[in-house]
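Chains, contacts and geometry: an overview
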Amino acid sequence: MDKWLENGADWFDTNGNLIHAHGGHMLHQGGYYYWYGENRADENYVSCYRSTDLMNWEFRRNVLTANSQALRTRVRADLSLFDKDKQKKVNIERPKVIYNAKNKKYVMWAHYENGSDYKCAACAIATCDTPDGDFVYHGSFNPFGYMARDCTLYKDDDDTAYFIAASRDNADLHVYRLTEDYMNVECTVHKLWQGEYREAPAVFKHNAKYYMFNSYCTGWAPNQGQYASANSIEGRWSTLTNIGDDTTYKSQPAFFLTLTGTKATSHIYIGDRWGGRDYHASRYIFLPVAFDENGSPVLNFYKKFSINVETGEFLTK
């Protein structure tokens, strides 16, 4: 078993293969942590790994592929090819999965593009009865007609879920409350930081306050991360403040994992180190969020880490 992982290094699953879970998300269910993320190899779209310790990851399957079952409940339902002459796949990016206890479904939201350009700027939905089964694709659409690019999901303590996505050619971040089944947007809650060009949103909650990290739009190149806070998702958000260094330690936010143990509660920043032109060379960093004497979040870099899921401690060296 791996006792330490190195940030930005090659990470392998228990079969010895490179982990491909880019722009991903984690879900804790039934004693396992499920890690979903982009996998653009071959006919794949979204891969799934699981772990009991957050250190050693077992590959389960590619849960969404170009050959997945599709039920057309939204505007576009084609997962296989956008341009049949060029034999080009669509793009499914930043997949996020949450569990809906009422309908007992695992619901995935993601960013959808046509595979040739970024003009669709839509969100896509898929569901499954199990966390690591074959997801059924329900198509893509533009929420209330708006663009939706880099995105995240957040489920609050009362099970209200929100979809947050870059809109208006990435100039704004839109926040949508989802319907009770998590299958559609119910209303637009916010249009945040208009003209700031923020993307890659990621949200966590600490001491009854909500924090949203995000990045500037610089393509594959890393940039200065920023965050804002609010007393509720639907409340008033603060202005943006810098976090980390001027490249966010050569990463971009993917999501936060909150780990509550017997000794500590750790909020873990999980970011992508994109490979740029070599997409498959993209790697990951896990960093703990600390808080200063004023209660403001602090993100420091550590080369290596280990996680104790029982105590909730995030160890660094």
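Residues numbered from 1 in each chain as written. Predicted model: local features only at pLDDT ≥ 70, side-chain atom pairs only at ≥ 80, totals over all residues. Heavy atoms only, no water.

**Considerations on the overall build of the protein**
As a reminder, the rule being used: We count a stretch as a helix when DSSP gives it H or I for four or more residues in a row; a strand needs E for two or more, and each element gets its number in order from the N terminus. The buried label goes to any residue with under 20% of its type's maximum accessible area, the exposed label to any with over 50%, and the partly exposed label to all in between, with areas taken from a 1.4 Å probe on protein chains only. The contact rule is simple, with two residues in contact once any of their heavy atoms fall within 4.5 Å. Counting rule applied: Lys, Arg positive; Asp, Glu negative; His and chain ends not counted. Every charge is mapped to an atom, namely NZ of Lys, CZ of Arg, CG of Asp or CD of Glu.
When you go through the protein residue by residue, the secondary structure sums to zero helices and 23 strands. Judged by the C-alpha coordinates and their principal axes, the protein covers about 55 × 45 × 40 Å. Residues counted as buried form 57% of the 317 residues belonging to the protein. Of the contacts made within the protein by residues no fewer than 6 positions apart, 49% connect residues no fewer than 24 positions apart. Distance between charge centroids for the protein: 1 Å, based on 35 positive and 39 negative side chains.

**Here we look at the pattern of salt bridges**
Using the following cut-off: By salt bridge we mean one thing: a side-chain nitrogen of Lys or Arg within 4 Å of a carboxyl oxygen of Asp or Glu.
Tallied over the entire structure, the rule returns 16 salt bridges. Measuring nitrogen to oxygen at the nearest pair gives 3.5 Å for the salt bridge that ties Glu38 to Arg40. Arg40 gets classed as partly exposed once you look at its relative accessible area, which sits at 27%. For Glu58, the salt bridge identified is with Arg50, shortest N-O distance 3.0 Å. Under the relative-accessibility criterion, Glu58 is labelled partly exposed at 27%. Overlapping salt bridges, with partners in common, bring together Arg50, Glu58, Arg60 and Asp132 in one network.

**Regarding the pairing of strand β10 (residues 151-155)**
Heads up, the condition is: At least two bridges found by DSSP between two strands is the condition for calling them paired.
Buried residues dominate β10, accounting for four of its five residues. Bridge count for β10 against strand β11 (residues 161-167) is five bridges, and the pairing is antiparallel. The partner of Lys155 across the bridge, within β11, is Ala161. In this structure, the hairpin formed by β10 and β11 is closed by a connection of five residues, where Asp159 is found at a positive phi of approximately 75 degrees.

**Structural notes on the packing of aromatic side chains**
For clarity, the threshold we go by: For this analysis, a ring pair means two rings from Phe, Tyr or Trp (six-membered ring only for Trp) whose centres lie within 6.5 Å, classed as stacked if their planes differ by under 30 degrees, edge-to-face if by over 60, and tilted for the remaining angles. Counted as over-ring charges are cases with an Arg CZ or a Lys NZ within 6 Å of the ring centre that also lie within 35 degrees of the ring normal.
Under the definition given, this model contains 32 aromatic pairs. With centroids separated by 6.2 Å and ring planes inclined at 40 degrees, the aromatic side chains of Phe144 and Tyr176 adopt a geometry described as tilted. With Phe144 in the loop between β9 (136-141) and β10 and Tyr176 in strand β12 (residues 172-178), this residue pair connects regions lying 32 residues apart in the sequence. A relative accessible area of 48% means that Phe144 is categorised as partly exposed. Overall, Tyr176 belongs to the buried group, its relative accessible area being 0%. Ring geometry for Phe213 against Phe256: centres 4.8 Å apart, planes inclined by 80 degrees, an arrangement best described as edge-to-face. Highlighted residues: Phe213 in strand β15 (residues 209-216) and Phe256 in strand β18 (residues 252-260), separated in sequence by 43 residues. The ring of Trp4 carries Lys317 above its face, with NZ or CZ at 4.5 Å from the centroid.

**Overview of the nonpolar core**
Here is the rule: Definition used in this section: a nonpolar core is a set of buried Ala, Val, Leu, Ile, Met, Phe, Trp, Tyr and Cys residues joined via side-chain atoms within 4.5 Å.
Ranked by size, the top nonpolar core spans 24 residues in total, and within it Tyr36, Val46, Leu64, Ile92, Met108, Tyr112 and Phe135 carry the most contacts. Every element with two or more residues in this core is listed here: β3 (32-38), β4 (44-51), β5 (58-65), β6 (91-100), β7 (105-113) and β8 (122-128). Ignoring sequence-local partners within four residues, the contact set of Tyr36 consists of Ala21, Gly24, His25, Leu27, Val46, Ser47, Cys48, Val63, Val97, Pro131 and Phe135.

**Some points on the sheet that holds strand β13 (residues 185-192)**
Test applied: To get an axis, a line is fitted to the C-alpha atoms, and for a helix only the part in contact is used. The angle between two axes follows their N-to-C directions and goes from 0 to 180 degrees.
Taken in spatial order, the four strands of this open sheet run β10-β11-β12-β13, and their pairing is antiparallel. The sheet is open, and its two borders are formed by β10 and β13, each paired with just one other strand. When the angles between neighbouring strand axes are averaged without regard to direction, this sheet yields 25 degrees. Pairing between β12 and β13: six bridges, direction antiparallel. By the bridge assignment for β13, Leu173 is matched with Leu192.

**Quick look at the side chain of Ser167**
Take Ser167: it is sitting in strand β11. Its relative accessible area of 0% is what places Ser167 among the buried residues. In this view, Ser167 contacts Tyr146, Met147, Asp172 and His174; residues no more than four positions away in its chain are not counted.

**Let's talk about the pairing of β9**
Extensive coverage of β9 is indicated by the burial of six of its six residues. By the bridge criterion, four bridges tie β8 to β9 in an arrangement that is antiparallel. Bridge pairing in β9 places Ala124 opposite Ser140.

**Quick notes on the sheet that holds strand β17 (residues 241-243)**
Taken together, four strands build an open sheet; the order of strands is β14-β15-β16-β17 and the sheet is antiparallel. Edge strands, defined here as strands with exactly one partner in the open sheet, are β14 (198-206) and β17. Adjacent strand axes in the sheet meet at a mean angle of 35 degrees when their direction is disregarded. Relative to β15, β14 runs antiparallel, the two sharing seven bridges. Paired with His206 across the two strands is Lys209, which belongs to β15.

Read these as spatial facts, not as claims about activity.
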